[in-house]
Amino acid sequence: MNKKMRLLAAWMCTLLVIPAIAACGDTSAAVGEDTAPVSGGNTAAMTDAVSAEPTLEGAIAKFDGTDYGAYNFRVMDRSDEADPNWVTIDVWSEGESGDTINDAVYQRNRTLEEGMNIIISENKVKAPWESAKTAIMAGTDEFDVFTDGLSMLATMAVEGYLTDLNTVDTLKLAESWWDQDLSRDLSIANRLFFCTGDISIMDNYGTWCIMFNKDLVEQFDLDNIYEHVKAGTWTLDQMYSMSKAVTKDLDGNGSQTREDQWGFLTEAYNGYGLWAAGGQKITGKDKDDMPSLSAYSDKSVTIMGKVGEFTQDKAATLIADQVEGGCGFTNEHFGEGKALFIYGGMWLITKYRGYDVNFGVVPAPKFDASQDRYYNTHSNGNCTAYSIPTTSTDLVRTGAIMEAMAEVSKYILTPAYTEVALKGKYIRDEESAEMLDYILFQRTYDLGMIFNWGNMFGNITAISINAGTDFASTYAKDEKAAIADIEKFISALDSLE
């Protein structure tokens, strides 16, 4: 490694003054059967590593001196046009500003640019998947990679617009800086069309968690939620009973309205999240890595029955879909201290720094204490991942740059986000910081969720807000359509060979 790169590596390590931590998708810290290693990941090294030591300096040594002739590595991602809450903030930075994430992105990119002789550029668009699809259909070479929500990327996979990442020899997807849970859960027939991990923090923004008002816990003399999480006894029934205890008619009109105090603020979408938190998935996979329906069982029916009881109980729950202002209102309501719980993306943690609410963060509850682990889901539209278009003119180069970007991010971007931004800036207590491991290391993905075969995912979410609906009848109505959609998908996938 040249002297300049050594100084840069040392400077960045000194700047952060924090230990490197594993990728949020590194399953070495998770528990349960979902920790099996991903199959099909490429492990070919893009160059001989100068040092096998897992450090930033060792990561830089793998590519230092590579010369791509000042190649412009182009990334397409989200602008703030569709929703400013979900604008991509982890791809490009103009320069240091004092903001933790911005500066980490800048330093990561400068490290890659100098070590590989490249230029990293960004093209922000309203809907990356739509812009990418248009470019791919036209056969134009407008970008190298793009990032968007998982459900958006899923619509492109079967149409043949995305490269199977397991065929890119310079991507080492079995390494810890790639999200092994995603690679395992969302591969199909040992093909993988999207990936994430340390290369991004937007997937963390889109990971769902429970935030709770610590002052209301104390006011109503409720149990210590942190201790229950650590003991494995944080359950849906417990959250339900706490929600009922706190719900209160603040304006004295004799009924619960949007202006009153609520136990649980949620949205229809989250009915699936609470069901999935019970260890349930719409689809599983067989020994050949092929998807099949796994949604229906006596347990899945029981869990959704309890979820529906909780979310439809007006003495405990306010659903954003049923009030004016939707999630915007419920997000503000929690920030104003008028609710015990809110269920949503981790981006809300950054939002509530600007409020006086004294909040904590915990994973979604287990269905019961006998469950092996916590299961945390995500937004299918806002948990983002990376894909490579089939129009890529140089997969070796693209994979090499992505690989370096992900590995260096493990030592710069991920610690800046987790240790500095979240634990040091946004989260207000040590217990919540500890809870991040229960959330990010125990994340789960579901093909049936992101592909929505037979509209089963859509109809499961509706159960949580529609009285008179139940899981058994919903499944029976959607089963044939879902099976037919899966078969069509597999057939279309085979035709791409």
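Analysis parameters
Residues numbered from 1 in each chain as written. Predicted model: local features only at pLDDT ≥ 70, side-chain atom pairs only at ≥ 80, totals over all residues. Heavy atoms only, no water. Helix = DSSP H or I, 4+ residues; strand = E, 2+ residues; numbered from the N terminus. Buried < 20%, exposed > 50% of the residue type's maximum accessible area, 1.4 Å probe, protein only. Core = buried A, V, L, I, M, F, W, Y, C linked by side-chain atoms within 4.5 Å. Contact = heavy atoms within 4.5 Å. Phe/Tyr/Trp six-rings, centres within 6.5 Å; stacked < 30°, edge-to-face > 60°. Polar contact = N/O pair within 3.5 Å; in protein donor to acceptor, adjacent residues only side chain to side chain. Salt bridge = Lys/Arg side-chain N within 4 Å of Asp/Glu carboxyl O. Expected span 1.5 Å × (residues − 1). Bend = angle between axes of the 7 residues up to and from the residue. Pairing = 2+ DSSP bridges. Axes fitted to C-alpha atoms, helices over the stretch in contact; angles between N-to-C directions.

## With respect to the overall build of the protein chain
When you go through the protein chain residue by residue, the secondary structure sums to 20 helices and 11 strands. Out of the 497 residues belonging to the protein chain, those deemed buried represent 59%.

## Comments concerning the nonpolar core
Ranked by size, the top nonpolar core spans 145 residues in total, and within it F194, M211 and F341 carry the most contacts. In contact with M211, other than residues within four places in its own chain, are F334, L340, F341, I342, G344, G345, L348, I349, Y352, F359, G360 and V361.

## Some remarks on the packing of aromatic side chains
This model, assessed by the stated rule, comprises 22 aromatic pairs. Seen from their ring centres, Y296 and Y475 are 5.2 Å apart, and the 35° between their planes marks the pair as tilted. Placement of the pair is Y296 in the loop between β7 (291–293) and α12 (298–311) and Y475 in helix α20 (residues 471–495), with a sequence separation of 179 residues. When its relative accessible area of 11% is taken as the criterion, Y475 is described as buried.

## Description of the side chain of R443
Structurally, R443 is set in the loop between α17 (430–440) and α18 (447–451). Judged by relative accessible area, R443 falls into the buried class, the value being 1%. Among the polar contacts listed, one links the side chain of R443 to the side chain of D179, at a separation of 2.9 Å. A distance of 3.0 Å separates a polar atom in the side chain of R443 from a polar atom in the side chain of Y445.

## Some remarks on the pattern of salt bridges
This model, assessed by the stated rule, comprises 28 salt bridges. Residue D185 pairs with K281 through a salt bridge whose shortest N-O separation is 3.4 Å. Taken as a pair, D185 in helix α6 (residues 180–185) and K281 in the loop between α11 (270–276) and β6 (283–285) lie far apart in primary sequence, 96 residues in all. A salt bridge links K285 to D289; its shortest N-O distance comes to 2.8 Å. One salt-bridge network, in which partners are shared between bridges, spans D181, R184, D185 and K281.

## Examining the side chain of T196
Structurally, T196 can be placed in the loop between α6 and α7 (202–205). The class of T196 is buried, set by a relative accessible area of 2%. Engagement of the side chain of T196 in a polar contact is seen with the side chain of D203, the distance being 3.4 Å. Excluding residues that lie within four positions of it along the chain, T196 makes contacts with W177, W178, D179, L182, D203, T384, A385 and Y445.

## Regarding α20
Residues spaced three or four apart along an α-helix face the same direction, because each turn holds 3.6 residues. Helix length check: α20 (25 residues) gives 34 Å between terminal C-alpha atoms against 36 Å at 1.5 Å per residue, within 8%. Approximately 45° is the largest bend angle found in α20, and it occurs at D478. Turning to α20, its buried residues are F471, T474, Y475, D478, A482, I486, F489, I490 and L493. On the buried face of α20, the contacting elements are α11, β6, β7, α12, α18 and α19 (456–463). Here α20 starts with a cap whose side-chain oxygen sits 3.1 Å from the backbone nitrogen of A472, and that cap is D470.

## Regarding helix α13 (residues 326–335)
Counting buried positions along α13 gives seven out of 10 residues, so the element sits mostly inside the fold. Residues G326, F329, T330, N331, H333, F334 and G335 constitute the buried set of α13. Buried residues in α13 make contact with β4 (208–213), β5 (262–266), β8 (317–319), β9 (339–345), α14 (347–351) and β10 (359–362).

## A few points about the sheet that holds strand β1 (residues 71–78)
What the four strands build is an open sheet, ordered β2-β1-β3-β11; its pairing is mixed. Of all the strands in the sheet, the pair left with one neighbour each is β2 (118–125) and β11 (384–387). Across this sheet, the average inter-strand angle for adjacent strands is 20°, counted without regard to direction. Of the strand pairs in this sheet, β1 and β2 are connected by eight bridges, and their pairing is parallel. Note on β2: the bridge partner recorded for R74 is S121. Relative to the sheet, helix α5 (residues 150–157) contacts β1, β3 (145–149) and β11, its axis offset from that of β3 by approximately 120°. Packed on one face of the sheet, helix α15 (residues 395–411) meets β1, β2, β3 and β11 and runs near 65° to β1.

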